[in-house]
Amino acid sequence: ARMKRTVREQTGSTRSGQPSHKEELAIALAGILQHSKQREAMNTSLAKLGLTLYQRGRSVGVQTTGGRRYRLSTLGLAEDYTEAVTRFELYESRMTELHKSQSLRSKELEQER
């Protein structure tokens, strides 16, 4: 999925040769989604850029400090977000299993004493 651009954005970036604000935002978000290993790390990275995630119905997006909203599907990042959420859930489930095994092991050691 590619980023959707309006005619105005397309002509502006063609004329200036510079990426639009929306393109820069999409690039920064893609990096955050690909490199974050935990949900908290992603939210912290987004907060550093002045961004917060929002969800309305089935569409997920990002909101800037100025109140401007961009859907992740419009930015071409819906699949990246889905992969990141799957990775976060896998990490969280592994951590809970690890904590369970550690607590069981510590209980067994206490019973042996």
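Source: prediction; values computed, not measured.

Engineer: Which parts of the structure should I look at to understand the overall build of the protein chain?
Structural biologist: A tally of regular secondary structure across the protein chain gives four helices and three strands. Listing the helices and strands of the protein chain from first to last along the sequence gives α-α-α-β-β-β-α. By the compact-globule yardstick of 13 Å for 113 residues, the protein chain is too spread out, its C-alpha radius of gyration being 20 Å. Seen through its principal axes, the protein chain has C-alpha atoms that stretch 75 × 25 × 25 Å. Counting the 113 residues in the protein chain, one finds 25% classified as buried. Long-range pairs, those at least 24 residues apart, make up 43% of the contacts in the protein chain between residues at least 6 apart in sequence. Put simply, the protein chain shows about 8500 Å² of open surface, and 50% of that area lies on carbon and sulfur atoms. For the protein chain, the centre of its 20 positive side-chain charges and the centre of its 13 negative side-chain charges are spaced 10 Å apart.

Reading the values: the criteria
- Residues numbered from 1 in each chain as written.
- Predicted model: local features only at pLDDT ≥ 70, side-chain atom pairs only at ≥ 80, totals over all residues.
- Heavy atoms only, no water.
- Helix = DSSP H or I, 4+ residues; strand = E, 2+ residues; numbered from the N terminus.
- Rg over C-alpha atoms; globule rule 2.2 N^0.38 Å.
- Buried < 20%, exposed > 50% of the residue type's maximum accessible area, 1.4 Å probe, protein only.
- Contact = heavy atoms within 4.5 Å.
- Areas by Shrake-Rupley, 256 points an atom, 1.4 Å probe, with all protein chains shown as cover.
- Lys, Arg positive; Asp, Glu negative; His and termini not counted.
- Charge placed at Lys NZ, Arg CZ, Asp CG, Glu CD.

In short, geometric facts, not functional conclusions.
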